[in-house]
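If you want the building blocks of each chain, they are given just below.
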Amino acid sequence: IQSGTGGGFGDASNRNSNFYGVEGNIYTLRWTVTNSACPASTDEVMVTFPQIASAGPDQTVCSNPGTATMAGTMPNGGSGTWTKMSGPAGGNLTTPTSPTTTVTGLTNVGTYVFKWEVTPPACTTSLVYQMQIMVQDCCPPTGTIWYVDGAAAPGGTGTSWFCAFPNLQDALNAASSGHEIWVKA
């Protein structure tokens, strides 16, 4: 193995040996023939083990509204199922067989771990991926400062930078006389 992480041969000295790689890696493999009477001869081949599926990135959300949208992927013609592995009470999967299902009821602070189990077409073995959703408490409005960040996720309460409103209009609607609105540049 000239490049690539993980993987190996059943028998590296057998020219007909199987090579086992790790999903999502590209390998450069070199075969070398040596004969004491001749100089060594080599040949290289590049082998790609594509990423078949993914559970998507870990997420951080506010306990209010307590929802998240999964970003899983799966191969065409395959099937998959989301399952909650651990975490506080809540974390209801709206459509467990959809890679992009919505998760509701994430109202308890903590880390929820979900498993995305995918079976590619024409396979009997499934692939398992995990991701987690970290739920943080977004304090109720204090009534004095409202936070706006154009890069914030929808559904923020505007009560902190973590839970900022994604647009200024939301803050203007929430504010009363004497309140401050802070806008992230």
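The rules we used
- Residues numbered from 1 in each chain as written.
- Predicted model: local features only at pLDDT ≥ 70, side-chain atom pairs only at ≥ 80, totals over all residues.
- Heavy atoms only, no water.
- Helix = DSSP H or I, 4+ residues; strand = E, 2+ residues; numbered from the N terminus.
- Buried < 20%, exposed > 50% of the residue type's maximum accessible area, 1.4 Å probe, protein only.
- Contact = heavy atoms within 4.5 Å.
- Areas by Shrake-Rupley, 256 points an atom, 1.4 Å probe, with all protein chains shown as cover.
- Lys, Arg positive; Asp, Glu negative; His and termini not counted.
- Charge placed at Lys NZ, Arg CZ, Asp CG, Glu CD.
- Pairing = 2+ DSSP bridges.
- Salt bridge = Lys/Arg side-chain N within 4 Å of Asp/Glu carboxyl O.
- Axes fitted to C-alpha atoms, helices over the stretch in contact; angles between N-to-C directions.

Peer 1: I'm lost on the overall build of the chain in this one. Help?
Peer 2: Along its length, the chain carries 1 helix and 13 strands. Per-residue burial for the chain yields a buried fraction of 30% across its 185 residues. Of all intrachain contacts in the chain linking residues separated by at least 6 positions in sequence, the fraction that spans at least 24 positions is 44%. Only carbon and sulfur atoms are counted for the fraction: they give 53% of the accessible area of the chain, which is about 10,800 Å². Of the side-chain charges in the chain, 5 are positive and 10 negative, and the distance between the mean point of each set is 9 Å.

Peer 1: Whenever I open this one, the pairing of strand β10 (residues 110-119) confuses me. Can you help?
Peer 2: Regular strands have side chains that alternate between both faces of the sheet. Counting buried positions along β10 yields 7 of 10 residues, so the element is predominantly enclosed. Bridge count for β10 against strand β11 (residues 127-136) is 9 bridges, and the pairing is antiparallel. Pairing of Lys-115 across the sheet is with Gln-130, part of β11.

Peer 1: Sorry if this is basic, but what is going on with the pattern of salt bridges here?
Peer 2: Where charged atoms from two side chains of opposite charge approach closely, those side chains can pair. One pass over the structure, following the stated rule, counts 3 salt bridges. Here Asp-149 ties to Lys-184 by a salt bridge, and the two come within 3.7 Å at their closest N and O atoms. Taken together, the residues Asp-149 in the loop between β12 (145-148) and α1 (168-174) and Lys-184 in the segment after β13 (180-183) connect sequence positions 35 residues apart.

Peer 1: Quick question: what am I supposed to make of the sheet that holds strand β5 (residues 59-62) here?
Peer 2: Pairing between sheet strands relies on hydrogen bonds along the backbone, with the strands arranged either parallel or antiparallel. The strand order across the open sheet built from 4 strands is β5-β11-β10-β7, with neighbouring strands paired in mixed fashion. The two strands at the open ends of the sheet, each matched to only one other strand, are β5 and β7 (79-86). Looking at each pair of strands side by side, their axes are set apart by 25° on average, direction ignored.

Peer 1: Got a minute to help me understand the environment of Cys-163 in this structure?
Peer 2: Checked against the element boundaries, Cys-163 lands in the loop between β12 and α1. On the basis of relative accessible area, Cys-163 is assigned to the buried category, the value being 1%. Distance in space between the C-alpha atoms of Cys-163 and Ser-63 is 9.7 Å, their sequence separation being 100 residues.

Peer 1: Mind showing me how you'd approach the sheet that holds strand β8 (residues 92-93) here?
Peer 2: Taken in spatial order, the 3 strands line up as β6-β9-β8 in an open sheet, and their pairing is antiparallel. Across the chains shown, the open sheet's two edge strands, defined by having one partner strand only, are β6 (68-69) and β8. Bridge count between β8 and strand β9 (residues 102-104): 2 bridges; the pairing is antiparallel. Within β9, the position partnered with Asn-92 by the bridge is Thr-104.

Peer 1: Looking at this structure, I do not really get the environment of Tyr-147. What am I missing?
Peer 2: Summarising the element assignment, Tyr-147 is placed in strand β12. A relative accessible area of 13% means that Tyr-147 is categorised as buried. Separated by 117 residues in the primary sequence, Tyr-147 and Arg-30 place their C-alpha atoms 57 Å from one another. Residues within four places of Tyr-147 in sequence aside, it is in contact with Gly-158, Thr-159, Ser-160, Trp-161, Ala-164, Phe-165 and Trp-182.

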